[in-house]
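# Tertiary structure, described
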Amino acid sequence: MLILGIETSCDETAAALVQIENGRFCVKSNVVLSQVKIHARYGGVVPEVAARKHLETIIPIIKQALGRISPKDIDAIATTTGPGLITSLLVGIETARGLAFAWGKPFITVNHLDGHIIANLLNCRLQIADCRLPALALVVSGGHTELILMKDFGKYKIIGETLDDAVGEAFDKVAKILGLGYPGGHAVARMAEQFNLECRIQNAEYKLNSAICNLQSAFSLPRPMLNSPDFNFSFSGLKTAVLYLVQKLSDDERKKLTPTICAEFQNAAAEVLVKKTIAAAKKFKVKNIFLAGGVAANCHLRESLGQAIHDNLIGIGYFVPELKYTGDNAAMIAAAGYFKYLKKDFADLEKLDAKPNWRIDEHC
Amino acid sequence: MKKITTSEKQTFELAKEFAANLQGGEVIALYGDLGAGKTVFVRGLAAGLGVKEIVKSPTFVIMKCYLGKKLNLCHIDAYRLSRGAELAAIGALDFWGKKNTVSIIEWADRVPELLNGVKNLIKIRIEHLGQDKRKISFPLL
């Protein structure tokens, strides 16, 4: 079984071929073209430019993903139809619709977040059938922060979500406050890693907390909703707390303290995510925990969630996607499409449309 | 008119009361820096319009629309945009001035050219005065 995946929901144009071999997802090709640099020139994303760029590149990217594979060997076309930017989504959908019609292949609509969750199973040693359910997915990205209970593949329930900003968005906005550019989530994470590393080295060398590490306790940022009984999140107030803190500092102080602030901010965000994930895993008695989405690339989050699962839960598996599959890609879309293929859940080519606000717990 | 609020709750309540005066078709341009309290204001407004859903930041998808008991809400965030024309490209303007919808644009200063000549335009500015104190300036309805 061979599935062609197509993904254009935001700034990445992507196509991929995924084969299901011995009950595993085997990525045959995975082509991703990022527009991040193009949009950086404008200081923000430009939906019309994004759509045009998708349009220019989608066919060459699909050709590259196909390589020597003939269309007649493909069993289905899986495409992201939401959530995302409507103008970007439409390029992938219309291209896929045309191909599905011309090649006579079934069209499978895939929810972008479902793709991020299933990215955990790409090139995984475990057979799909051996992945025990129910599972819990923590989906974290620039546009989403959700705790999703997976009763089965494709059968999802959102049990918690952010009430305001997504965690990736908070990283980006903190970067802006600290003068690290926008979007600068990666810069914040890098600064935090650097700080943590220096702390470890200094602690190891002097066997005592160095002055720079003590600064961290000089200010602590809030952990919003850490102790609320539900599984929801809030990151807007954390971002504002960073702003208040920075407003009190001189330019020199700000520059000097930037790595410390980044580390404390990252700690605060990860602590809330980890605590709620563990609490939800206990309550719903899940058998596996999946970390998914662009922020799943964050080392601190990957490590601290793994550590917390090890310390607090017994016999629960922990999945993190390979780094190359944390960002948007089409291999994850093809793989997520497989579960709908099994149910023969195909879209009507005449009726299908973009769903910019598609919630993962709604069937489309 | 200018009002000072000293807590998130007060900002929320102020926006909720403000929503009671809206008739539908209004386009609200919201001004204020990062952390000024714009999202809290929008959530209060949504509550006042009878929106049941959670109003989340639309920064990433630029526009989110909600069904409300009294009026619908179209929530736009221009933060990531570089030009006003981009809002037209994603169909945001289709909602402006609709009788059953109130539109609100965060970071309206990023799309000034788009606001020229818009009917029923209401400009609201939120300033952060330090700690939890905020100044909210808006016209009387």
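Residues numbered from 1 in each chain as written. Chains lettered and ligands numbered in written order. Predicted model: local features only at pLDDT ≥ 70, side-chain atom pairs only at ≥ 80, totals over all residues. Heavy atoms only, no water.

Moving on, we get to the overall build of chain B. From N to C terminus, chain B includes 4 helices and 7 strands. Each helix and strand of chain B, placed in order from N terminus to C terminus, yields the pattern β-α-β-α-β-β-α-β-α-β-β. Seen through its principal axes, chain B has C-alpha atoms that stretch 40 × 30 × 25 Å. Scored against the burial criterion, the 141 residues of chain B give a buried share of 55%. (Helix = DSSP H or I, 4+ residues; strand = E, 2+ residues; numbered from the N terminus. Buried < 20%, exposed > 50% of the residue type's maximum accessible area, 1.4 Å probe, protein only.)

Here we come to the sheet that holds strand β2 (residues 27–31) of chain B. Either a parallel or an antiparallel arrangement is found when strands of a sheet pair, and the pairing is made through backbone hydrogen bonds. Residues and elements named next belong to chain B. Pairing is mixed in the open sheet, where 7 strands are placed in the order β1-β7-β6-β2-β5-β4-β3. Strand pairing shows two members of the sheet lacking a second neighbour, β1 (2–5) and β3 (63–66), which therefore form its edges. Direction aside, neighbouring strands of the sheet carry axes that sit 20 degrees apart on average. Relative to strand β5 (residues 101–106), β2 runs parallel, the two sharing 4 bridges. For Leu30, the partnering residue across the bridge sits in β5 and is Glu106. Each of β1, β2, β6 (121–128) and β7 (134–137) touches helix α1 (residues 8–20); the most contacted strand, β1, lies at about 145 degrees to it. (Pairing = 2+ DSSP bridges. Axes fitted to C-alpha atoms, helices over the stretch in contact; angles between N-to-C directions. Contact = heavy atoms within 4.5 Å.)

Attention shifts here to the domain arrangement of chain A. All names here are of chain A. Structurally, chain A comprises domain 1 (2–122 + 324–342) and domain 2 (132–320). Computed over C-alpha atoms only, the centres of domain 1 and domain 2 are separated by 28 Å. Contact residues are listed per partner, giving 10 residues for domain 1 and 18 residues for domain 2. Summing both sides of the interface, domain 1 and domain 2 together bury roughly 1,200 Å²; the carbon and sulfur share of this comes to 75%. (Domains from an automatic or database assignment. Buried area = accessible area lost by both parts, 1.4 Å probe.)

Time to look at the sheet that holds strand β5 (residues 107–111) of chain A. All names here are of chain A. The sheet built from 5 strands is open, its strands ordered β3-β2-β1-β4-β5 with mixed pairing. Of all strands in the sheet, those bounded by a partner on one side alone are β3 (24–34) and β5. Strand-to-strand twist in this sheet, taken as the mean axis angle between neighbours without regard to direction, amounts to 25 degrees. Across 6 bridges, the pairing between strand β1 (residues 2–7) and strand β2 (residues 12–21) is antiparallel.

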